[in-house]
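The chain contents come next:
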Amino acid sequence: MHRYKIVILTSGHSRGSNFVAIAKYFQKRNLPVDIVSVIVTSRKAPIITRCEKLGVDSHFISAKNMLKYQTELQEYIKDNKIEMVVLAGFMKLLSSDFIDGINIPILNIHPALLPNYGGKGMYGMNVHKAVYYNKESFSGVTIHLVNSKYDSGKILCQQRVKIKKAKTPETIGARVLRLEHKYYGRTIYNYLKEYYV
Ligand code: GRF
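First, a word on scope: everything that follows refers to the structure included in this document. Predicted, not measured: the structure shown is a model, and the values here were computed from it.

### Some words on helix α5 (residues 124-133)
Three or more residues of α5 are buried, namely Val 127, His 128, Ala 130 and Val 131. For α5, the angular spread of the buried residues around the axis is 160°, confining them to a single face. The inward-facing, buried residues of α5 abut β5 (106-110), β6 (138-145) and α6 (169-195).

### Here's the deal with the sheet that holds strand β3 (residues 58-60)
Strands sit in the order β3-β2-β1-β4-β5-β6-β7 across an open sheet of seven strands; the sheet is mixed. One side of each edge strand has no neighbouring strand; the edge strands of this open sheet are β3 and β7 (155-162). The mean inter-strand angle of the sheet, taken between neighbouring strand axes irrespective of direction, is 20°. With three bridges connecting them, strand β2 (residues 33-40) and β3 associate as parallel partners. For Ile 39, the partnering residue across the bridge sits in β3 and is His 59. The sheet strands contacting helix α1 (residues 17-29) are β1 (4-9), β2, β4 (84-87) and β5, and the helix crosses β2 at an angle near 165°. Set on the sheet, helix α2 (residues 47-54) makes contact with β2 and β3; between it and β2 the angle comes to about 155°.

### A word on the packing of aromatic side chains
In this structure the tally under the stated criterion is six aromatic pairs. Their ring planes at 70° and their centres at 6.2 Å tell us that Tyr 25 and Phe 26 sit as a pair that is edge-to-face. The exposure class assigned to Tyr 25 is buried, which follows from its relative accessible area of 15%. Ring plane angle 80° and centroid distance 5.0 Å describe the contact between Tyr 132 and Tyr 133, whose orientation is recorded as edge-to-face. Aromatic rings pair up to connect Tyr 4, Tyr 191, Tyr 195 and Tyr 196 into one cluster. Lying across the ring of Phe 138, Arg 160 places its NZ or CZ 3.8 Å from the centre.

### Some thoughts on the site of the ligand
Around the ligand, the neighbouring residues are Ser 14, Arg 15, Gly 16, Ser 17, Asn 18, Gly 89, Ile 109, Pro 111 and Glu 180. Interatomic distance of 2.8 Å between a backbone N/O atom of Gly 16 and an oxygen atom of the ligand. Take Ile 109: an N or O atom from its main chain is 2.9 Å from a nitrogen atom of the ligand. Out of a free accessible area of 370 Å², the ligand has 89% covered by protein chains. Applying the majority rule of atoms within 2 Å of the grid points places the ligand in the largest pocket. The class makeup of the residues in the shell around the ligand is two nonpolar, five polar and two charged.

Rules behind the numbers
Residues numbered from 1 in each chain as written. Predicted model: local features only at pLDDT ≥ 70, side-chain atom pairs only at ≥ 80, totals over all residues. Heavy atoms only, no water. Buried < 20%, exposed > 50% of the residue type's maximum accessible area, 1.4 Å probe, protein only. Helix = DSSP H or I, 4+ residues; strand = E, 2+ residues; numbered from the N terminus. Arc of directions from axis to C-beta. Contact = heavy atoms within 4.5 Å. Pairing = 2+ DSSP bridges. Axes fitted to C-alpha atoms, helices over the stretch in contact; angles between N-to-C directions. Phe/Tyr/Trp six-rings, centres within 6.5 Å; stacked < 30°, edge-to-face > 60°. Lys NZ or Arg CZ within 6 Å of the ring centre and 35° of its normal. Near = heavy atom within 4 Å. Polar contact = N/O pair within 3.5 Å; in protein donor to acceptor, adjacent residues only side chain to side chain. Areas by Shrake-Rupley, 256 points an atom, 1.4 Å probe, with all protein chains shown as cover. 1 Å grid on protein atoms, 1.4 Å probe; cavity = no way out; pocket = protein on both sides within 12 Å on 5 of 7 lines; lining within 4 Å. Sits in = over half its atoms within 2 Å of the grid points. Nonpolar A, V, L, I, M, F, W, Y, C, P; charged D, E, K, R; others polar.

Everything listed here is a matter of geometry and, on its own, says nothing about what the molecule does.
So, in structure tokens, the structure goes:
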């Protein structure tokens, strides 16, 4: 049976909670998906310890120069026959040359209901604070394909959660994160099956 090969991209000091949830989702269900590595942009990223615990390789590529980063990553993807790139806490924009060049799906997860609360600067607590101060009744998670603009690719999965009674932006963040962990692994696997029929 074919085993899908994917890589996960992270930035700087990513927590890695989505990576852990994704890896456990595949492991628990014995799904034919191999996380070939987690690409890190800092040799001191806390996620490296989480990789070791789960028996997944981490691979360092410097992101100081994004052109070099993308060239190296493109070679890595080709050499390792990677079939999907998964962003989890990856903050930078990828160029259309890179996206067209690798010609495999790239997925991202955003902690809000796109197209609302997306775009440049909208990440982490910035998102949850904006949602909170606008007194929204719902927030949620969006998993989408990546193009060369922030948060604007085709939506593959969107799930909402009630936040009317949330007392702080942190409470909203925690509720949304639970949804992220629940849906990212399954959306990745479903899309792999759909794309590589
Ligand atoms: C998540 O909130 C995700 O929505 C966003 O970056 C964060 C990464 O968190 N794109 P973690 O490193 O997976 O814990």
